[in-house]
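Report on the structure
What follows is each chain in one-letter form.
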Amino acid sequence: MFRGGVVGELDARRDAAFGRVLERLQARARGVLARRRAQKLRTQHTAARCVQRNVRAFLAVRDWPWWRLLVRVTPLLAVHRTEHRLKQAQEELETLRAKLDKVENERTYYKGENERLETKLKRRMRYKNGNTINADHTTN
């Protein structure tokens, strides 16, 4: 169907085109990986500079009396905050207990009221059934 050598030339063109596509794909993949690596190195460099700056600052102030005072007082402040939070939690617990007691009292009241009404309804049903039975006997 093809002249001699045309199929070989088409194969060569296809291989060349496929090679160019593959090269571009590999170049993009390498570029993405290189950018990720570069970003990671920038982040590490920034973190190292931050740590170094903080260590220098600490070394400059560690012998100052006010720094020693701050280091000793800071944990005490945390204890005070914890006590404050505990007190708030206890107050909330008391409020919830009061609400629970109120709801329990209402529940008990309504339960008793329900029982009273059910008894009254049963009595009326018995009375009504008793009258219908008597009415049936009198008609016979």
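Residues numbered from 1 in each chain as written. Predicted model: local features only at pLDDT ≥ 70, side-chain atom pairs only at ≥ 80, totals over all residues. Heavy atoms only, no water.

**Quick notes on the overall build of the protein**
- Within the protein one finds two helices and zero strands.
- Since a compact globule built from 140 residues should have a radius of gyration of about 14 Å, the 45 Å found for the protein marks it as more spread out than a globular shape.
- Across its three principal directions, the C-alpha atoms of the protein cover 120 × 90 × 5 Å.
- Per-residue burial for the protein yields a buried fraction of 1% across its 140 residues.
- Averaging the positions of the 33 positive and the 16 negative side-chain charges in the protein gives two centres separated by 11 Å. (Helix = DSSP H or I, 4+ residues; strand = E, 2+ residues; numbered from the N terminus. Rg over C-alpha atoms; globule rule 2.2 N^0.38 Å. Buried < 20%, exposed > 50% of the residue type's maximum accessible area, 1.4 Å probe, protein only. Lys, Arg positive; Asp, Glu negative; His and termini not counted. Charge placed at Lys NZ, Arg CZ, Asp CG, Glu CD.)

**Things to note about the pattern of salt bridges**
- Tallied over the entire structure, the rule returns six salt bridges.
- Here R14 makes a salt bridge to D15, at a shortest N to O gap of 3.4 Å.
- In this structure D15 comes out as partly exposed when scored by relative accessible area, which is 47%.
- Where R116 meets E113, a salt bridge forms, and the shortest distance between an N and an O atom there is 2.5 Å. Of this pair, R116 and E113 both sit in helix α2 (residues 65-139), three residues apart, which is roughly one turn of the helix.
- One salt-bridge network, held together by shared partners, links D11, R14 and D15. (Salt bridge = Lys/Arg side-chain N within 4 Å of Asp/Glu carboxyl O.)

**Points about a positive patch on the surface**
- Among the surface-exposed residues, K120, K122, R123, R124 and R126 lie close enough to one another that they form a single positively charged patch.
- Accessibility expressed as a relative area gives 52% for K122, which makes it exposed. (Patch = residues over 30% accessible without salt bridge, like charges linked within 9 Å, V, L, I, M, F, W, Y side chains within 5 Å. Areas by Shrake-Rupley, 256 points an atom, 1.4 Å probe, with all protein chains shown as cover.)

**Structural notes on the UniProt feature "coiled-coil region" (unreviewed entry) in the protein**
- In the UniProt entry, the feature "coiled-coil region" (unreviewed entry) is given for residues 79-120.
- The span residues 79-120 carries 100% helix and 0% strand; its end-to-end C-alpha distance comes to 61 Å. (UniProt positions renumbered as here; feature names shortened; annotations may be inferred.)

**Description of the packing of aromatic side chains**
- Summed over all chains, the structure comprises four aromatic pairs.
- For the ring pair W64 and W66, a centre distance of 5.6 Å and an interplane angle of 55° mean the geometry is tilted.
- For W66, a relative accessible area of 46% corresponds to the partly exposed category.
- Aromatic rings pair up to connect F58, W64, W66 and W67 into one cluster. (Phe/Tyr/Trp six-rings, centres within 6.5 Å; stacked < 30°, edge-to-face > 60°.)

**Here's the deal with the environment of P65**
- Along the chain, the position of P65 falls in helix α2.
- Expressed as a C-alpha distance, the spacing of P65 and K120, which sit 55 residues apart in the sequence, is 83 Å.

**A look at the environment of K120**
- Locating K120 in the fold gives a position in helix α2.
- The partly exposed category is assigned to K120, whose relative accessible area is 36%.
- Each C-alpha atom of the pair K120 and K87 lies 50 Å from the other, and the pair is 33 residues apart in sequence.

**Details of a nonpolar patch on the surface**
- Together, V51, V55, F58 and L59 make up an exposed nonpolar region whose accessible area comes to about 350 Å².
- Examined against the element boundaries, L59 turns out to sit in helix α1 (residues 6-61).

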